Amino acid sequence: MLKATKKLTIALPKGRVRDTSMALLQEAGLNLTLDGNSRALRHESEDATMFELRNSDVPTYVELGIADAGIVGKDVLLESQSNVYEPVDLGFARCHMSLIRARGDKGPIRRVASKYPNVAATYLQRMGSTAEVIKLAGNVELACLTGLADAVVDIVETGSTLRANNLEELNVLFYSSARLIVNRTSLKFKDAQLRPLIANLRQAVQAEASVLYNA
């Protein structure tokens, strides 16, 4: 167990990532527990206060110092454009971000739809494209099927949705997984708590990778 005079505040996304994150943080020595109230959004334990947030809100809470650290996908982190320290790739919740369009469509890409407009715009700019980016909240693949957009930028996990809708990946923008992020000021003033946690998480991730490699 990490011993500290100052409790850490940890921001975790709701859902399945929260449970995996908690197990990994506990393995790294941080005492985290859930309140018995299933609707509670703030949980207190000996070592830390844990906030349950929407995935997209985690970088904001960490960047602004409401939380000392958090766990979030690389995709969400890049979209947020937050200025945080990213010391550990935790290796779970793997997926990739791709440019997607209808299979066999060879026409020009003039409009791109995405739940990640910043990511999409950065990619298109890097490729020298002047395509318009429009933000959608969900089921962005439908934009290709209805003619709303010529292509979409979205996360791909298994590819089953693409196959079911006769879509294909044109390019992989980047690979994503869960990352530990840390507030830069907290790293200075709570280094006695954060640096051992970072080191322990790195060891835990390396140990898990070694087990998988030798399986």
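In this text, all values refer to a predicted model and were calculated from it rather than measured experimentally.

## Some remarks on the sheet that holds strand S10 (residues 167-176)
- Pairing within the open sheet is mixed, and its 5 strands lie in the order S8-S7-S9-S6-S10. If you trace the sheet from one side to the other, it starts and ends with strand S8 (132-135) and S10, each paired once. Ignoring strand direction, the axes of neighbouring strands in this sheet form an average angle of 25 degrees.
- Sheet analysis places strand S7 (residues 111-114) next to S8, joined by 4 bridges and oriented parallel. Each bridged residue has a counterpart across the sheet, and for Ser114 the counterpart in S8 is Lys135.
- In this fold helix H4 (residues 117-126) packs onto strand S6 (95-102), S7, S8, strand S9 (151-156) and S10, with an angle of close to 170 degrees to the strand it touches most, S8.

## Remarks on the side chain of Asp68
- Assignment of secondary structure puts Asp68 in the loop between helix H2 (58-63) and strand S4 (69-73).
- Using a relative accessible area of 4% as the deciding quantity, one classes Asp68 as buried.
- If near-sequence neighbours (up to four positions away) are discounted, Asp68 is found in contact with Lys7, Leu8, Thr9, Val62, Ile181, Val182, Asn183, Ser186 and Lys190.

## Brief notes about helix H1 (residues 16-27)
- Counted at 1.5 Å a residue, the expected span for H1 with its 12 residues is 16 Å, and the 17 Å between its end C-alpha atoms agrees.
- Within H1 the residues assigned to the buried category are Arg18, Ser21, Met22, Leu24 and Leu25. Along H1, the residues classed as buried sweep out an arc of 170 degrees about the axis, all on the same side. Counted as exposed and oriented over 90 degrees from the buried face of H1: Arg16 and Glu27.
- Where H1 terminates, the next one or two residues include Gly29, which has phi positive at roughly 105 degrees.

What counts and how
Residues numbered from 1 in each chain as written. Predicted model: local features only at pLDDT ≥ 70, side-chain atom pairs only at ≥ 80, totals over all residues. Heavy atoms only, no water. Pairing = 2+ DSSP bridges. Helix = DSSP H or I, 4+ residues; strand = E, 2+ residues; numbered from the N terminus. Axes fitted to C-alpha atoms, helices over the stretch in contact; angles between N-to-C directions. Contact = heavy atoms within 4.5 Å. Buried < 20%, exposed > 50% of the residue type's maximum accessible area, 1.4 Å probe, protein only. Expected span 1.5 Å × (residues − 1). Arc of directions from axis to C-beta.

The analysis is restricted to geometry; functional conclusions fall outside its scope.
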